[in-house]
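Residues per chain are reported as follows:
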There are 2 protein chains.
Amino acid sequence: MAVQSKTFKYKTRVKWDEARMGSLSCDDKPGIKVATPPEFKGHAGIWSPEDLFVAALSSCFMTTFLGTAEWKGLEFVSFECDAEGTLARPDKEFLFTHAILRPRVILPPDGDEELARWCLEFAENDCLIAHSIGTKISMEPEIILEAPEMMQL
Amino acid sequence: MAVQSKTFKYKTRVKWDEARMGSLSCDDKPGIKVATPPEFKGHAGIWSPEDLFVAALSSCFMTTFLGTAEWKGLEFVSFECDAEGTLARPDKEFLFTHAILRPRVILPPDGDEELARWCLEFAENDCLIAHSIGTKISMEPEIILEAPEMMQL
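Here is a short report on the structure shown in this document.

All right, on to the environment of Thr 86 of chain B then. Residues and elements named next belong to chain B. Inspection of the secondary structure assignment puts Thr 86 in strand 4 (residues 78-88). Taking relative accessible area as the criterion, Thr 86 reaches 10% and is therefore assigned buried. In this structure the C-alpha to C-alpha distance between Thr 86 and Phe 96, which are ten residues apart in sequence, comes to 5.5 Å.

All right, on to unusual backbone geometry then. Backbone geometry follows two general trends: most residues other than glycine have a negative phi, and most peptide bonds adopt the trans configuration. With a phi close to 45°, Ala 19 of chain A is a non-glycine residue in the positive phi region. Following the sequence through the fold, Ala 19 of chain A ends up in the loop between strand 1 (8-18) and strand 2 (21-25). Although it is not a glycine, Lys 41 of chain B sits at a positive phi angle of roughly 65°. Note that Lys 41 of chain B resides in the loop between strand 3 (32-35) and helix 1 (49-72). Assessed through its relative accessible area of 66%, Lys 41 of chain B is described here as exposed.

For the pair chain A and chain B, the superposition axis carries a translation of 0.0 Å, the fit reaches an RMSD of 0.0 Å, and the rotation angle comes to 180°. Here the two chains are linked by the operation of a two-fold rotation axis. Relative to the rotation axis, the closest C-alpha in chain A is found at Ile 133 of chain A, a distance of 1.9 Å. When the interface residues of chain A are mapped onto chain B, 100% of them again lie at the interface, so the same face is used by both copies.

Let's shift gears to the interface of chain A and chain B. Residue-level contacts link 78 residues of chain A with 78 residues of chain B. It is Tyr 10, Trp 16 and Trp 47 of chain A that lose the most area in chain A upon contact with chain B, and together they represent 13% of the buried surface on that side. Run the count over chain A and chain B and you get ten salt bridges. The salt bridge partner of Lys 9 of chain B is Glu 84 of chain A, with a shortest N-O separation of 3.6 Å. Mapped by element, the contributors of at least two residues to the side of chain A that touches chain B are strand 1, strand 2, strand 3 (32-35), helix 1 (49-72), strand 4 (78-88), strand 5 (95-107) and helix 3 (128-132) of chain A. In terms of residue count, helix 1 of chain A provides more of the side of chain A that touches chain B than any other element does, 16 residues in total. Its residues placed into classes, the side of chain A that touches chain B shows 39 nonpolar, 21 polar and 18 charged. Inspection of the sheet shows strand 1 of chain A paired to strand 4 of chain B by eight bridges, in the antiparallel sense. Bridge pairing links Arg 13 of chain A to Asp 82 of chain B in strand 4 of chain B.

What follows is about the environment of Thr 97 of chain B. All names here are of chain B. Topologically, Thr 97 is positioned in strand 5 (residues 95-107). A C-alpha to C-alpha distance of 4.9 Å links Thr 97 and Thr 135, two positions 38 residues apart in sequence. Non-local contacts of Thr 97, meaning those with residues more than four positions away in its chain, are made with Thr 86, Ala 88, Pro 90, Thr 135 and Lys 136.

Moving on, we get to the nonpolar core. Core analysis: the biggest nonpolar cluster contains 91 residues, and Phe 65, Phe 76 and Phe 79 of chain A together with Phe 65, Phe 76 and Phe 79 of chain B have the highest contact counts within it. Sequence-distant contacts of Phe 79 of chain B, defined by excluding residues within four places in its chain, comprise Val 14, Lys 15 and Trp 16 of chain A together with Phe 61, Met 62, Phe 65, Pro 103, Arg 104, Val 105 and Leu 120 of chain B.

Thresholds, definitions, all that
- Residues numbered from 1 in each chain as written.
- Chains lettered and ligands numbered in written order.
- Predicted model: local features only at pLDDT ≥ 70, side-chain atom pairs only at ≥ 80, totals over all residues.
- Heavy atoms only, no water.
- Helix = DSSP H or I, 4+ residues; strand = E, 2+ residues; numbered from the N terminus.
- Buried < 20%, exposed > 50% of the residue type's maximum accessible area, 1.4 Å probe, protein only.
- Least-squares fit on C-alpha atoms with pLDDT ≥ 70 in both.
- Contact = heavy atoms within 4.5 Å.
- Buried area = accessible area lost by both parts, 1.4 Å probe.
- Salt bridge = Lys/Arg side-chain N within 4 Å of Asp/Glu carboxyl O.
- Nonpolar A, V, L, I, M, F, W, Y, C, P; charged D, E, K, R; others polar.
- Pairing = 2+ DSSP bridges.
- Core = buried A, V, L, I, M, F, W, Y, C linked by side-chain atoms within 4.5 Å.

Quick look at the structure:
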């Protein structure tokens, strides 16, 4: 039997603390508190599984973009991405039906806007979390050329 | 047009810091550092998007279990769940093909093992992150009756 490709394993642990709250752990990484969100009888101010789902998608999009930008030699000043996941019940079950990625990339004054757009689109298509979910994903990118006199905050 | 059900929005932001690292934020919740994992030219000791994906699934399974246990009146002493996601490339693209949930529930000495198993199976099927992903999920539950003389750590 031919091995098609290497596989990777990712392991986490979640432990119930009290009420609808728990603690996530993963190797020697900092712990993350997690809770049912308020709208499902849970707790405010704590990451929910729903938040983590959207975060997994948007951070994978970012890391894929970073790899793509390095590969294609794209120079950029900053990258951030707002993401919004919609949880709905089109049939019997709740699920994430749609997610919007709103990346904002700032390029140097002489930056390559076309290449930046290409890298964003490539990252959207190459994101392995996007491949793993049934959620429809759309992207609303913003690419900004830094003005020559613009100060970096 | 009939509205089938309420929808919920979940928003997060990710911002690139340096190298293949960034910071996740969500309302007034504690920030989470995120990075490409070492096996994809990234960084150790930081949550990766892959870890967050597995964490979203396992924590949703936990919160669904907590809600189910309350609904059915299941008494339990503790709950934790190890989860393992397998990233593979069965065709052209990497994706999470499989995830295993290994919940461990400790019940009081006179606990209802059958009801605990029912709640775990219900939670596995009712988990909204599970509904949102294409990953095949399997469960290997462990249900333990606390011995009357057992000390809680």
